[in-house]
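Listed below, chain by chain, are the residues.
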Amino acid sequence: MIKEGVDLFRILNHGLIPGMLDASERFRRGEFFIPELLMSSRALQFGLNVLRPLIQERKNHKIAKVIIGTVKFDLHDIGKNLVTILLEGNGFEIIDLGVDVTPEKFVRAVEKHEAQMLAMSSLLTSTMSWMRFTIEQLQASGLSKKVKTLVGGAPVTPIFAKNIGADGYCREATSAPSTIRKLLGIDEDEGILVKQ
Ligand code: B12
C-alpha cells in the first residue's frame, strides 16, 4: 500500500487500528484466545514500525505531547499500545515508556518532555495503586499543575480514577483521543484523523 501511494493515515485508521480493535472484540466475545490476541498485537507493532518513520517524516503539526506507559510490576501492553496508535493517528506526539514503569520514571519523563498529558495503563488489581503513587509524586513535584492525567485498563473504574485524583478515565481505547482533547481544551478540528 505504501508503494502504491495509499495515504499513511488511511493505512493506520482503516487497516491496522480496526484490525486490532476487531481482534480485541473477538477476544472479548470468546472467539479469539490469547495466542490470536498476541499475534494480532505483534502484527500491529510490525506494521507500525514500518509506518512510524514515514509518518514522522511528514512532520505533521502535533496537537499535544502525551507520555504513556503501563505501571510498575505490570507487563500487559496490548491495550496501552492500542491507545498509543489511536493517539498517534489523531495527531498527538507520544512518548511511550513501555511496561513496568515506576512513578519516578513517569515524573522524570513529564518534566523532561514538558508533556501536557500523562496516560497510565494497569491490567492487574495488584498494580493499580501505582497509578495513585505516580499521581502523588506528580503532586509532590509540583508538576500536577502543568500536566493532566488519564488512566485506563480493565480493572480501573471511574470511581477509582476519581479517588486517586486522576483527571480522566476511559473504558475503551477509542475514546482516549476525544477525552484528551476535552481535558486539554483542544478544538475537535485540530485533530488530523484522515478524512475519508
Ligand atoms: C494477554 C494477557 C496477558 C499476557 C500479556 C501480554 C501483553 N504483551 O500484554 C501475558 C500472558 C504476558 C499475561 C501475564 C499475566 N497476567 Co494477564 N492477561 C491477559 C488477558 C488474557 C488479555 C489482556 C489484553 O491484552 N486484552 C486486550 C486489550 C485490548 O484490552 P485491555 O488491555 O483491557 O485494554 C483496553 C481497555 O482496558 C483500554 N485501556 C487499557 N489501558 C489503557 C490506558 C489508558 C490510558 C486508556 C485511556 C485506556 C486503556 O483500552 C483497551 C482497548 O479498549 C487478560 C484477561 C482479560 N480478559 O482481559 C489477562 C489478565 C489481565 N491477566 C491476569 C493475570 C493474573 C496475569 C499474570 C499475573 C498471570 C501469572 N500468574 O503469571 C501475569 C502478570 C504479568 C505481569 N507482571 O504483568 C489477570 C488479572 C487479574 C486481576 N484482577 O488482577 C487477567 C484479568 C486474567 C484473569 N482473568 O485472571 N497476561
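Residues numbered from 1 in each chain as written. Predicted model: local features only at pLDDT ≥ 70, side-chain atom pairs only at ≥ 80, totals over all residues. Heavy atoms only, no water.

## A closer look at the overall build of the protein chain
Then, number 1: The helix and strand inventory of the protein chain stands at seven helices and five strands.
Then, number 2: Here the C-alpha radius of gyration of the protein chain, 16 Å, is about what a compact globule of 196 residues would show, namely 16 Å.
Then, number 3: Principal-axis analysis of the C-alpha atoms gives the protein chain an extent of 50 × 40 × 25 Å.
Then, number 4: Here the protein chain holds 196 residues, and 45% of them are scored as buried.
Then, number 5: In the protein chain, of all internal contacts separated by at least 6 residues, the share reaching a separation of at least 24 is 73%.
Then, number 6: Of the roughly 10,600 Å² of accessible surface on the protein chain, a fraction of 54% belongs to carbon and sulfur atoms.
Then, number 7: If you average the places of the 25 positive and of the 23 negative side-chain charges in the protein chain, the two averages end up 2 Å apart. (Helix = DSSP H or I, 4+ residues; strand = E, 2+ residues; numbered from the N terminus. Rg over C-alpha atoms; globule rule 2.2 N^0.38 Å. Buried < 20%, exposed > 50% of the residue type's maximum accessible area, 1.4 Å probe, protein only. Contact = heavy atoms within 4.5 Å. Areas by Shrake-Rupley, 256 points an atom, 1.4 Å probe, with all protein chains shown as cover. Lys, Arg positive; Asp, Glu negative; His and termini not counted. Charge placed at Lys NZ, Arg CZ, Asp CG, Glu CD.)

## Here's the deal with the pairing of strand β1 (residues 65-70)
Then, number 1: Here β1 lies mainly inside the structure; five of its six residues are buried.
Then, number 2: For β1 and strand β2 (residues 93-96), the ladder comprises four bridges, and the chain directions are parallel. Across the sheet, the residue bridging to I68 is D96, located in β2.
Then, number 3: The parallel pair β1 and β2 is bridged by helix α3 (residues 78-89), and the resulting crossover is right-handed.
Then, number 4: With five bridges joining them, β1 and strand β3 (residues 117-121) adopt parallel strand pairing. Opposite G69, over in β3, you have M120 as the bridge partner. (Pairing = 2+ DSSP bridges. Right-handed = clockwise from strand over helix to strand, strands pointing away.)

## Overview of the coordination of the cobalt atom of the ligand
Metal coordination angles have textbook ideals: 109.5 degrees for a tetrahedral set of four donors and 90 or 180 degrees for an octahedral set of six.
Then, number 1: Just one protein atom coordinates the cobalt atom of the ligand, and that atom is H76 (NE2), at 2.3 Å.
Then, number 2: You can see H76 is positioned in the loop between β1 and α3. (Donors = N, O, S within 2.8 Å, 3.2 Å for Na, K, Ca; no water.)

## Comments concerning the sheet that holds β3
Then, number 1: Taken in spatial order, the five strands line up as β2-β1-β3-β4-β5 in an open sheet, and their pairing is parallel. At either end of the open sheet lies a strand with only one pairing partner, and these are β2 and β5 (168-169).
Then, number 2: Bridging between β3 and strand β4 (residues 148-152) involves five bridges; their strand directions are parallel. Counterpart to S121 in the pairing with β4 is G152.
Then, number 3: Packed on one face of the sheet, helix α5 (residues 129-141) meets β3 and β4 and runs near 160 degrees to β3. (Axes fitted to C-alpha atoms, helices over the stretch in contact; angles between N-to-C directions.)

## Notes on the domain arrangement of the protein chain
Then, number 1: Along its sequence, the protein chain is organised into domain 1 (1-59) and domain 2 (62-196).
Then, number 2: Facing 18 residues of domain 1, the contacting portion of domain 2 comprises 13 residues.
Then, number 3: Here domain 1 meets domain 2 over a buried area of about 1,400 Å², counting both sides, of which 71% is carbon and sulfur.
Then, number 4: Applying the counting rule to domain 1 against domain 2 returns two salt bridges.
Then, number 5: Ionic pairing is found between R28 and E172, a salt bridge with its closest N-O pair at 3.1 Å.
Then, number 6: For the pair domain 1 and domain 2, the interface holds two residue pairs in polar contact (both at pLDDT 80 or more).
Then, number 7: Those elements that place two or more of their residues in the side of domain 1 that touches domain 2 are α1 (8-28) and α2 (34-57).
Then, number 8: The element best represented in the side of domain 1 that touches domain 2 is α1, accounting for 10 residues.
Then, number 9: The class makeup of the residues in the side of domain 1 that touches domain 2 is nine nonpolar, five polar and four charged. (Domains from an automatic or database assignment. Buried area = accessible area lost by both parts, 1.4 Å probe. Salt bridge = Lys/Arg side-chain N within 4 Å of Asp/Glu carboxyl O. Polar contact = N/O pair within 3.5 Å; in protein donor to acceptor, adjacent residues only side chain to side chain. Nonpolar A, V, L, I, M, F, W, Y, C, P; charged D, E, K, R; others polar.)

## Brief notes about the site of the ligand
Then, number 1: Taken together, 28 residues form the shell around the ligand, and within it L75, H76, D77, S121 and T125 come nearest.
Then, number 2: With respect to the ligand, the backbone of F73 contributes an N or O atom lying 3.0 Å from a nitrogen atom.
Then, number 3: One of the side-chain nitrogen or oxygen atoms of D77 is found 2.7 Å away from a nitrogen atom of the ligand.
Then, number 4: Breaking the shell around the ligand down by element, the ones donating at least two residues are α1, α2, α3, β3 and β4.
Then, number 5: Sorting elements by how many residues they give to the shell around the ligand places α3 first, with four residues.
Then, number 6: Of the residues that constitute the shell around the ligand, the class distribution is 17 nonpolar, seven polar and four charged.
Then, number 7: Both domains that furnish three or more residues to the shell around the ligand are identified here as domain 1 (1-59) and domain 2 (62-196). (Near = heavy atom within 4 Å.)

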